[in-house]
Structures are given as structure tokens and as C-alpha cells.
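Breakdown of the fold
Letter by letter, the chains look like this.
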Amino acid sequence: MARAGGVGVETIRFYQRRGLLDTPDRPEGAGLAGGVRRYGDEDVRRLRFIRSAQAAGFTLDQIGSCCGWMRGRTARGRVNWRRSGWRRWT
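The paragraphs below set out a description of the structure included in this document. (Residues numbered from 1 in each chain as written. Predicted model: local features only at pLDDT ≥ 70, side-chain atom pairs only at ≥ 80, totals over all residues. Heavy atoms only, no water.)

1. Quick notes on the nonpolar core
For soluble globular proteins, nonpolar side chains are generally found buried alongside one another. With 14 residues, the main nonpolar core has Tyr-15, Phe-49, Ile-50 and Ile-63 as its most contacted residues. Listing elements by their share of this core, those giving two or more residues are α2 (9-17), α3 (41-55) and α4 (60-70). Discounting residues that sit within four places of it in the chain, Ile-63 has contacts with Leu-20, Phe-49, Ile-50, Ala-53, Gln-54 and Phe-58. (Core = buried A, V, L, I, M, F, W, Y, C linked by side-chain atoms within 4.5 Å. Buried < 20%, exposed > 50% of the residue type's maximum accessible area, 1.4 Å probe, protein only. Helix = DSSP H or I, 4+ residues; strand = E, 2+ residues; numbered from the N terminus. Contact = heavy atoms within 4.5 Å.)

2. Section: the environment of Val-44
You can see Val-44 is positioned in helix α3. The class of Val-44 is buried, set by a relative accessible area of 13%. With 23 residues separating them in the primary sequence, Val-44 and Leu-21 have C-alpha atoms 9.5 Å apart. Among residues more than four places away in sequence, those in contact with Val-44 are Met-1 and Ala-4.

3. Some points on α2
Taken together, the buried positions of α2 are occupied by Ile-12, Tyr-15 and Gln-16. Projected down its long axis, α2 carries its buried residues within an arc of 105°, all on one side. Backbone geometry just after α2 places Gly-19 at a positive phi near 85°. (Arc of directions from axis to C-beta.)

4. A look at the pattern of salt bridges
One pass over the full model with this rule turns up 4 salt bridges. Notably, a salt bridge pairs Arg-18 with Asp-61, separated by 2.9 Å at the nearest N-O pair. On the criterion of sequence distance, the pair formed by Arg-18 in the loop between α2 and α3 and Asp-61 in helix α4 is long-range, its members being 43 residues apart. Owing to a relative accessible area of 40%, Arg-18 belongs among the partly exposed residues under this scheme. Among the salt bridges present, the one from Glu-42 reaches Arg-46, with a minimum N-O distance of 3.6 Å. (Salt bridge = Lys/Arg side-chain N within 4 Å of Asp/Glu carboxyl O.)

Structural data, given as C-alpha cells:
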């Protein structure tokens, strides 16, 4: 995902800590060595959106609010998301 989004692994972890990206589960049976996390197309799309919004001058807090709308966490957020025009960036 880091390569697809044009960022480093630490950037992805930072966004996960900030709640901007979800942290996928590691595969079953990975043991102590750990497994490679599997990210989907939606995760890459959200990462690219975050980077585009930052380049446009939005703060991470503003982007986080929008990411909450993207995930449809609230009915009001879904309505605001549709009206916001942010969809063109994804």
C-alpha cells in the first residue's frame, strides 16, 4: 500500500494512529514473525485522498472529519459528504 500511495510505511502507521486509515488484521497463523497486512483498493483510494487533500492545504483534522463521512459513520456525515464536493478527489 505504501508504494501504491507514494508514501513510506511509517506514514501509513501515522495515519492509522490518527484514525485516518483502518489497520487491517494480520493473517491467521502468522505466529511471532507476523504476517503481511492485506489492504484493499478502498484503503489505497483513501490514502490517495488524504495525500491530495493535504496538498490542497487541508489539515489532518479536517481530512479526518471527511474520512469519517466517507465511512458513513453518521447519517448527517453521509449527507454532508454528498454535498461537500470532496468526492472528486477520490
